[in-house]
Amino acid sequence: MARIVYLNDGFVSEVEARISIFDRGFLFADSAYEVTAVLDGKLVCWAEHFSRLQRSLDALGIMLPLTEKELLNLHRELIKKNKLVQGIVYLQVSRGCADRNFIFSDSMKPTIVLFSQREELLDKKRLERELRVVTVPDKRWGRRDIKTTQLLYSSMVKTEAKNIGKDDAWLIQDGLVTEGTSNNIFIIDKEKKIITRDLSNLILAGVTRSTIITFMEQLGLELDERPFTLFEAQSASEAFITSATNFVTSVVEIDGKLVADGKPGPLTKLIRESYISYCFEYAV
């Protein structure tokens, strides 16, 4: 059965949805997006996703023609129309349509797209995956803090990692780990201190990242936000990634070197369980 999607001013069947070839999201990747997890038909960390979307659009100079409440209602209606219990809602806002030109007008009408995908986010095998990653140079543009659809490099290196039997690629710049292709990275040192890269224009401010940071003190965990080296990551007692759909997932191998004993660690599991409990408690 065809999904119902939202395009600009209304809900239509996915087979009927059409976007102009002159849309700047298509021609220039001139667009921002968000992916919000859905559990039991409710949106996880909605306010944080909306806030980040607004920051991205402000940075791009794109005016969002909907209020937060209006956009939330569209998400909820999409979930209802597709009878979505578990999965994601994808939202994309582009600058709009015009003849191809590097110079754009402030008066353009944005293109808004929403669609849903069913995913078993809480499947036990999915949650307990043991990721093996490789590292590659970070060759993305310099404003990684803006969640744009300029994802080609990340897509290419993630695919290359899959082709050699690995799960993902970690990006390295100036000898320091930035982030994964679509996730933030955490390591845990021998003293059980949690280390993750501090926010700047070099990484995306992940919603899951910020959420788990808020309750680390309650878990009795010490956090150190700073850049770290590949050697530190490979020497860690635990490592994990965070994202809206992967939640908190263990990394057990980096460039062929096992992290500790090559098994998911207890603190990673504790953080994941705490995050999932948070998701159910505060989903809207």
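(A) Structural view of unusual backbone geometry. Of note in the backbone geometry, Asn-8 takes a positive phi value of approximately 60° without being a glycine. In this structure, Asn-8 sits in the loop between strand E1 (4-7) and strand E2 (10-13). Positive phi, close to 55°, is recorded for Asp-174, a residue that is not glycine. Structurally, Asp-174 is set in the loop between strand E8 (168-173) and strand E9 (176-180). Take Asp-174: its relative accessible area is 72%, and that puts it in the exposed class.

(B) Broad picture of the nonpolar core. Residues Leu-53, Leu-64, Leu-71, Val-89, Val-93 and Ile-112 are the most contacted members of the largest nonpolar core, which totals 24 residues. Those elements that place two or more of their residues in this core are strand E3 (31-39), helix H2 (46-60), helix H3 (68-81), strand E5 (86-94) and strand E6 (111-118). The residues contacting Val-89, other than those within four sequence positions of it, are Glu-34, Val-35, Thr-36, Val-38, Leu-43, His-75, Leu-78, Ile-79, Leu-84, Leu-114, Phe-115 and Ser-116. Residues Ala-37, Ile-188, Val-207 and Ile-212 belong to the second largest nonpolar core, which totals 22 residues.

(C) Representation of the sheet that holds E6 in the model. Here six strands make up an open sheet; going across it, the order is E2-E1-E6-E5-E3-E4 and the pairing antiparallel. Whereas interior strands pair on both sides, the edge strands pair on one side only; in this sheet they are E2 and strand E4 (42-43). In terms of strand pairing, E1 meets E2 through four bridges, oriented antiparallel. Paired with Ile-4 across the strands is Ser-13, a residue of E2. Its contacts with the sheet place H2 against E3, E4 and E5, and it is angled at close to 175° to E3.

(D) The packing of aromatic side chains, seen in detail. Here the structure, examined in full by the defined rule, presents nine aromatic pairs. With a centroid separation of 5.3 Å and an interplanar angle of 70°, the aromatic rings of Phe-28 and Phe-102 are classed as edge-to-face. With a gap of 74 residues between them, Phe-28 in helix H1 (residues 24-28) and Phe-102 in the loop between E5 and E6 connect regions that are remote in the sequence. Consider the rings of Tyr-33 and Tyr-90, whose centres lie 5.6 Å apart with planes at 20°: the pair is stacked. Taken together, the residues Tyr-33 in strand E3 and Tyr-90 in strand E5 connect sequence positions 57 residues apart. Taken individually, Tyr-33 and Tyr-90 each receive the classification buried, so the pair is uniform in this respect. Connected via pairs of aromatic rings, a cluster forms that spans Tyr-33, Tyr-90 and Phe-115. Between the NZ or CZ atom of Arg-24 and the centre of the ring of Phe-28, over which it lies, the distance is 4.4 Å. In this structure, Arg-95 packs its charged tip against the face of Phe-104, placed 3.6 Å from the ring centre.

(E) Broad picture of the layout of surface pockets. Empty space within the largest pocket amounts to approximately 740 Å³. As for the largest pocket, its lining consists of 37 residues, and the residues nearest its centre are Tyr-33, Lys-147, Leu-151, Thr-181 and Ser-182. Counting only elements with at least two residues in the lining of the largest pocket, the list comes to E3, H2, E5, E6, helix H5 (152-163), E9, helix H6 (207-214) and strand E13 (238-243). Looking at the lining of the largest pocket residue by residue, the classes come out as 11 nonpolar, 17 polar and nine charged.

(F) Just the environment of Thr-249, in detail. Considering the arrangement of structural elements, one finds Thr-249 in strand E14 (residues 247-254). As for Thr-249 and Ile-271, which are separated by 22 residues in sequence, their C-alpha atoms are 9.8 Å apart. The residues touching Thr-249, leaving out its near neighbours within four places in the chain, are Arg-129, Leu-131, Ala-239, Phe-240 and Ile-241. From its side chain, Thr-249 meets the backbone oxygen of Asn-246 in a polar contact 2.7 Å long.

Conventions used here
Residues numbered from 1 in each chain as written. Predicted model: local features only at pLDDT ≥ 70, side-chain atom pairs only at ≥ 80, totals over all residues. Heavy atoms only, no water. Helix = DSSP H or I, 4+ residues; strand = E, 2+ residues; numbered from the N terminus. Buried < 20%, exposed > 50% of the residue type's maximum accessible area, 1.4 Å probe, protein only. Core = buried A, V, L, I, M, F, W, Y, C linked by side-chain atoms within 4.5 Å. Contact = heavy atoms within 4.5 Å. Pairing = 2+ DSSP bridges. Axes fitted to C-alpha atoms, helices over the stretch in contact; angles between N-to-C directions. Phe/Tyr/Trp six-rings, centres within 6.5 Å; stacked < 30°, edge-to-face > 60°. Lys NZ or Arg CZ within 6 Å of the ring centre and 35° of its normal. 1 Å grid on protein atoms, 1.4 Å probe; cavity = no way out; pocket = protein on both sides within 12 Å on 5 of 7 lines; lining within 4 Å. Points joined across faces, edges and corners; volume = space filled by probe spheres on them. Nonpolar A, V, L, I, M, F, W, Y, C, P; charged D, E, K, R; others polar. Polar contact = N/O pair within 3.5 Å; in protein donor to acceptor, adjacent residues only side chain to side chain.

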